[in-house]
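The chain contents come next:
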Amino acid sequence: DGATGTALAMRGLQALGAHRLDYLIPDRAREGYGLTPEIVERAAHKAPRWLLTVDNGINSVAGVEAANRLGMRVIITDHHLPGATLPAAHAIVNPNQAHDAFASKAIAGVGVVLYLLMALRRLRPDAHVALAPLLDLVALGTIADCVPLDANNRLLVRAGLQRINAGKACPGIQALLRVSGRRPGPVIAQDLGFQVGPRLNAAGRLADMSIGVRCLLATEEREALALAQELDRLNRERRRREDTMHSEAEEHLTAWAGTALPAGLCVSEPHWHPGIVGILAGRLRERYKRPVIALAPADEAILRGSARSVPELNMRDALVAIGERHPDLLLTFGGHAAAAGLTIRQADLGRLAQAFAEEVERRIGPGPFAAPPSDGPLRPEELSLALARAIRAGGPWGNGFPEPVFEGVFTVVSCAVVKGAHLKLALSYPGLPQTLKAWAFRCVDAPETGLAVAIRYRLGVDAYQGSETVCLYVEEWSRVPQETGLGYTGLAPDAV
């Protein structure tokens, strides 16, 4: 979101006639998030008159004070929830401020920048600047930040996807799609969320996010492709480290075998990378169906963490309550309902784990917290390419506007592990003469051939060598007890 918002601000402000523009990307491992006094000091070397934040700043009281002392005028653009005290900025553009009348509270940071540009354009009636060519960036940032797809966000994403599929995306997005190896066919929201977004984010997690911004700002295809290839390399390295961290976290959590897991999970290892803990927290949340905080060392004395929540819990509100009950525990924190960031002293890890588990249980119970209900089973004739195409056309799908998820009992005809990380399956279904192709991504626990399995899945379109077939994308599966038979449609608690 920050990378696309920065690129949007640079390209939009240039189009509106601004000059002497530059951007500065904090190192998230060393400097964390937000406009800190240290970031202001770095910016001061360029002697800016104006300092514009993108996707941050609403809680940067000290940073804005430092900028004011140095004579900068600060404009904050953000969508995160404000704290009790607002920064003394020249202007704040954030729909989640108290008494703000903007209807689309779920807009991403990149969307906030777009509306700022639209407002500036109204002050320049002679410019006639078209902002529609920038909607590819808005679509990418909105999907990658997983904000709820309310009506406004869906319109922005749909318009951006239309430009991308018309071949009008910026060279950087075109290059990122090319290096991702995505399947043929129209670009959909999931391609931005699972193919382009992770490669763009890999730079900020492991190296320098400015690589991603440079890719989005590139005007030449050759430059964009070179930067996209570097981002793809970083993403492969990110996945390798993430898998190692995930395995270690699983080992830590299996130590609870025989006892109930806490309502909220808190995990950390001294050698974990702080740029990857957010992804790890998300994977553990999906696996254990509980809110998760994952932390890694920021320096010798400080842990920096990322939190991921379940729909029942507002993560930021939970952290506020923890801060009130334990005033010296959280050094910094911020975020929104689904995700948050925080820092603590390394010595306080045990205190945080206990306080977090207690607060989660106090608010929503002991867990686990079940996945949302599915849309039920499909009849054999409904497992069709026509329905899969209709669902694809009904998008964009995402947070707050979820793609339909179905469930049913299938028999495994064949199963193979692909690239050491995914399952490729052939499944049979009662009443359907042909087998169905299915994929289970980020899963290597392979069911045996001939096994009856209960599956939650999305119905998709698989394109191969110019032809399209219906395909099942498996969300989770579980073995069906033999005495239950093929009439069973529910998933067991230990579903994979």
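Trainee: Please give an account of the sheet that holds strand S2 (residues 73-77) that cites residues and values.
Mentor: An order of S1-S2-S3 is seen for the three strands of this open sheet, with the pairing classed as parallel. Each end of this open sheet is capped by a strand with a single partner; those strands are strand S1 (50-54) and strand S3 (91-93). With direction set aside, neighbouring strand axes in the sheet form an average angle of 15 degrees.

Trainee: So what's going on with the pairing of strand S4 (residues 265-268)? Residues and values would help.
Mentor: On a regular strand, one side chain projects to one face of the sheet and the next to the other, so that they alternate. Because side chains alternate across S4, one face comprises the buried residues Leu 265 and Val 267, and the other comprises Cys 266 and Ser 268, equally buried. Taken together, S4, helix H12 (residues 277-288) and strand S5 (residues 292-297) form a β-α-β motif whose crossover is right-handed.

Trainee: Lay out the side chain of Arg 154 with the relevant residues and their values.
Mentor: Along the chain, the position of Arg 154 falls in helix H7 (residues 151-165). The buried charged residue Arg 154 lacks any salt bridge, with Asp 150 as its nearest oppositely charged partner at 8.4 Å. A polar contact is formed between the side chain of Arg 154 and the backbone oxygen of Gly 395, at a distance of 3.2 Å.

Trainee: Tell me about the packing of helix H1 (residues 2-15) against helix H10 (residues 210-217), and name the residues and values.
Mentor: In helix packing, the relevant descriptors are the interaxial angle and the interaxial distance, both defined with respect to the helix axes. Look at H1 against H10: their axes get within 9 Å of each other, and the N-to-C directions meet at 45 degrees. Classified by the interaxial angle, the pair formed by H1 and H10 is oblique. Our pair here, H1 against H10, has a crossing hand that is right-handed. From H1, Ala 3, Thr 4, Thr 6, Ala 7, Met 10 and Arg 11 reach across to H10, where they touch Val 213, Leu 216 and Leu 217. Along the lines of polarity and charge, the residues of the contact of H1 with H10 split into six nonpolar, two polar and one charged.

Trainee: Residues and numbers for the pattern of salt bridges, please.
Mentor: Scanning all chains against the criterion turns up 30 salt bridges. For the salt bridge of Asp 22 with Lys 46, the shortest nitrogen-to-oxygen distance reads 3.0 Å. Of the two residues, Asp 22 is situated in the loop between H1 and helix H2 (28-31) and Lys 46 in the loop between helix H3 (37-44) and S1; the sequence distance between them amounts to 24 residues. Assessed through its relative accessible area of 47%, Asp 22 is described here as partly exposed. One salt bridge connects Glu 359 with Arg 363, and the closest N-O pair in it is separated by 2.7 Å. Of this pair, Glu 359 and Arg 363 are both found in helix H14 (residues 349-364), four residues apart, which corresponds to roughly one turn of the helix. Put simply, Arg 238, Glu 242, Asp 243, Arg 283 and Arg 442 are held in one network by salt bridges that share partners.

Trainee: Can you lay out helix H6 (residues 135-144) for me, pointing to particular residues and giving the numbers?
Mentor: Among the ten residues that make up H6, nine are buried, leaving the element largely enclosed by the rest of the structure. Within the sequence span of H6, burial applies to Leu 135, Asp 136, Leu 137, Val 138, Ala 139, Leu 140, Gly 141, Thr 142 and Ile 143. On its buried face, H6 is in contact with H1, helix H5 (109-122), H7, helix H8 (171-180), helix H9 (189-206) and H10. Cys 146 sits one or two positions beyond H6 and adopts a positive phi of about 60 degrees.

Trainee: Can you lay out the sheet that holds strand S8 (residues 339-345) for me, pointing to particular residues and giving the numbers?
Mentor: Here we have five strands laid out as an open sheet, ordered S4-S5-S6-S8-S7, and mixed in their pairing. Each edge of the sheet is formed by a strand with only one pairing partner; in this case those strands are S4 and strand S7 (332-335). Sheet twist, expressed as the average angle between the axes of neighbouring strands with direction ignored, equals 15 degrees. Sheet topology note: the S7/S8 ladder contains four bridges and is antiparallel. The residue of S8 that forms the bridge with Gly 334 is Gly 341. Set on the sheet, helix H13 (residues 315-325) makes contact with S5, strand S6 (302-308), S7 and S8; between it and S7 the angle comes to about 155 degrees.

Quick notes on the rules
Residue positions are given per chain, counted from 1 along the sequence in the order it is written. Residue-level local features of this predicted model are given only where pLDDT is at least 70; pairs of side-chain atoms are given and counted only at 80 or more, and the full residue set underlies all totals for whole chains, interfaces and linings. Values shown for side chains rest on all heavy atoms present in the structure; no hydrogens or waters enter the calculation. Two strands make a pair as long as DSSP finds a minimum of two bridges between them. Under the DSSP-based scheme used, a helix requires at least four consecutive residues in state H or I and a strand at least two consecutive residues in state E, with every element numbered from the N terminus. To get an axis, fit a line to the C-alpha atoms, keeping to the stretch in contact for a helix; angles then go from 0 to 180 degrees between the N-to-C directions. Type-normalised accessible area, obtained with a 1.4 Å probe on protein chains alone, sets the label of each residue: buried when under 20%, exposed when over 50%, and partly exposed for intermediate values. A right-handed crossover is one whose linking path, passing over the helix from the first strand to the second, runs clockwise when the strands point away from the viewer. In this tally, Asp and Glu contribute negative charge and Lys and Arg positive charge; neither His nor the terminal groups of the chain are included. We define a salt bridge as a contact between a side-chain nitrogen of Lys or Arg and a carboxyl oxygen of Asp or Glu at a distance within 4 Å. Polar contact is defined as a pair of N or O atoms within 3.5 Å, subject to the rule that within protein one atom must be able to donate a hydrogen and the other to accept it, and that residues adjacent in sequence are counted only when both atoms are side-chain atoms. By the definition adopted for this analysis, an angle is roughly parallel if under 35 degrees, roughly antiparallel if over 145, roughly perpendicular if from 65 to 115, and oblique otherwise. Put simply, a crossing is left-handed when the front helix is turned counterclockwise from the back one by less than a right angle, and right-handed when it is turned clockwise. Between two residues, a contact is recorded if the distance between any of their heavy atoms is within 4.5 Å. All residues other than Ala, Val, Leu, Ile, Met, Phe, Trp, Tyr, Cys, Pro, Asp, Glu, Lys and Arg, Gly among them, are scored as polar; the first ten of these are nonpolar and the last four charged.

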